[in-house]
Amino acid sequence: MIGRSEEYDKMFRLEGQLWWYRSLHERVATALQHRFGRRRDMAILDAGCGTGGLLNFLRQRGYTNLRGIDGSADAAAFCHERGFFVTIVNLTTLTDFEPTAQYDAIICNDVFCYFTETDLPPLLTSLAHRLKPDGILVSNNNAFNIFRGEHDLAVGIVRRFVLADFEQVLPKNGLHIQSATYWSFILSPLILIMRQWQQLQLNFGWRRREEAQSDVYLPKSWLNETLYQLVKIEQRFLRRTPFGSSLFMIIDSLGSAGEIHTVVNK
Ligand SMILES: C[S@@+](CC[C@H](N)C(=O)[O-])C[C@H]1O[C@@H](n2cnc3c(N)ncnc32)[C@H](O)[C@@H]1O
């Protein structure tokens, strides 16, 4: 994704409105609230913060101690435009970035998909070192290969995940999954049909790979609002679902007093 300026431009313009980002940002805010209650001054790092949409959302909710890092100069420039001090950091060298800094919460949304099976464990180790003993890592990730589609090609996604991928590697880094759910379960049949149709078109050469478009576009406002409300209902009444194109996890550092429980139905 790094270097594809047009994708950062779209993200910057649309992430405040698009149903998917709004739902994700609300999920993150709920996770923070569950752990920290009304506190708003804890140190939060958005690792791979993109164009700063989540930082902006959290600032609007009153969070005061926000830090962002990203490997893209485009992303950092958009964050600066929003008034955030964001440093350009390649997460593969996270250990070199402000080596003594630790955070109460680290958010790392849709970044692990750019790391290979070999590169991901060292990143998780670095993130674990940056968490305070009772800190949390909140992470959303692309899920299930069956959902591969044009979006993956357009933004250069290397891999998709299932929960088992993390269950194996996180404990080795002193991290454990407090809760996890795939989402959006309700919309998954629709998303699946769209992605499978895209795969078919690409495989049969009816559509060229170079023409692949990301999912970052704003549908008609009634549709955008309907999708947002459907996901909101899911979030409220189906807290844990077994299937969806994304996997949302709240992860405790080992020092945490929280009970270890993995909650996705497998
Ligand atoms: C799909 S975007 C997600 C951005 C943001 N977390 C969000 O939820 O909107 C992935 C982000 O990861 C960043 N990224 C990818 N590989 C990276 C790396 N090795 N080091 C730092 N950032 C990286 C990209 O620049 C991009 O901003």
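Nothing here was measured: the structure is a model prediction, and the numbers come from that model.

## So, the confidence of the model for the protein
Confidence in the prediction for the protein averages 92 pLDDT; 95% of positions are at 70 or higher. In this model, residues 256–266 is a region of pLDDT below 50 whose contacts with residues beyond four sequence positions or in other chains number 24 contacts.

## A closer look at the packing of aromatic side chains
Two descriptors summarise a pair of aromatic rings, namely the distance from one centre to the other and the angle between the planes of the rings. Tallying each qualifying case throughout the model produces ten aromatic pairs. On the basis of an interplanar angle of 45 degrees and a centroid distance of 5.0 Å, the ring pair of F144 and F243 is categorised as tilted. Highlighted residues: F144 in the loop between β5 (131–142) and α6 (150–154) and F243 in the loop between α9 (221–237) and β7 (246–253), separated in sequence by 99 residues. Its relative accessible area of 24% is what places F243 among the partly exposed residues. When the centroid spacing of 4.9 Å and the interplanar angle of 35 degrees are considered together, the rings of F161 and F166 count as tilted. Here F161 and F166 have matching classes, each one buried. Over the face of the ring belonging to Y228 we find R22, whose NZ or CZ atom lies 3.8 Å from the ring centre. In this structure, R27 packs its charged tip against the face of F248, placed 5.9 Å from the ring centre.

## Quick word on the pairing of strand β4 (residues 103–107)
Along any regular strand the residues' side chains alternate between the sheet's two faces. Counting buried residues in β4 gives five out of five residues, a clear majority hidden from the surface. Sheet topology places strand β1 (residues 44–47) next to β4; three bridges connect them, and they run parallel. Bridge pairing in β4 places I44 opposite A105. The pairing of β4 with β5 spans four bridges and is classified as parallel. Note that in β5 the partner of I106 across the bridge is L137. Running through helix α5 (residues 120–129), the crossover from β4 to the neighbouring parallel element β5 is right-handed.

Rules used throughout
Residues numbered from 1 in each chain as written. Predicted model: local features only at pLDDT ≥ 70, side-chain atom pairs only at ≥ 80, totals over all residues. Heavy atoms only, no water. pLDDT = per-residue confidence, 0-100. Contact = heavy atoms within 4.5 Å. Phe/Tyr/Trp six-rings, centres within 6.5 Å; stacked < 30°, edge-to-face > 60°. Helix = DSSP H or I, 4+ residues; strand = E, 2+ residues; numbered from the N terminus. Buried < 20%, exposed > 50% of the residue type's maximum accessible area, 1.4 Å probe, protein only. Lys NZ or Arg CZ within 6 Å of the ring centre and 35° of its normal. Pairing = 2+ DSSP bridges. Right-handed = clockwise from strand over helix to strand, strands pointing away.

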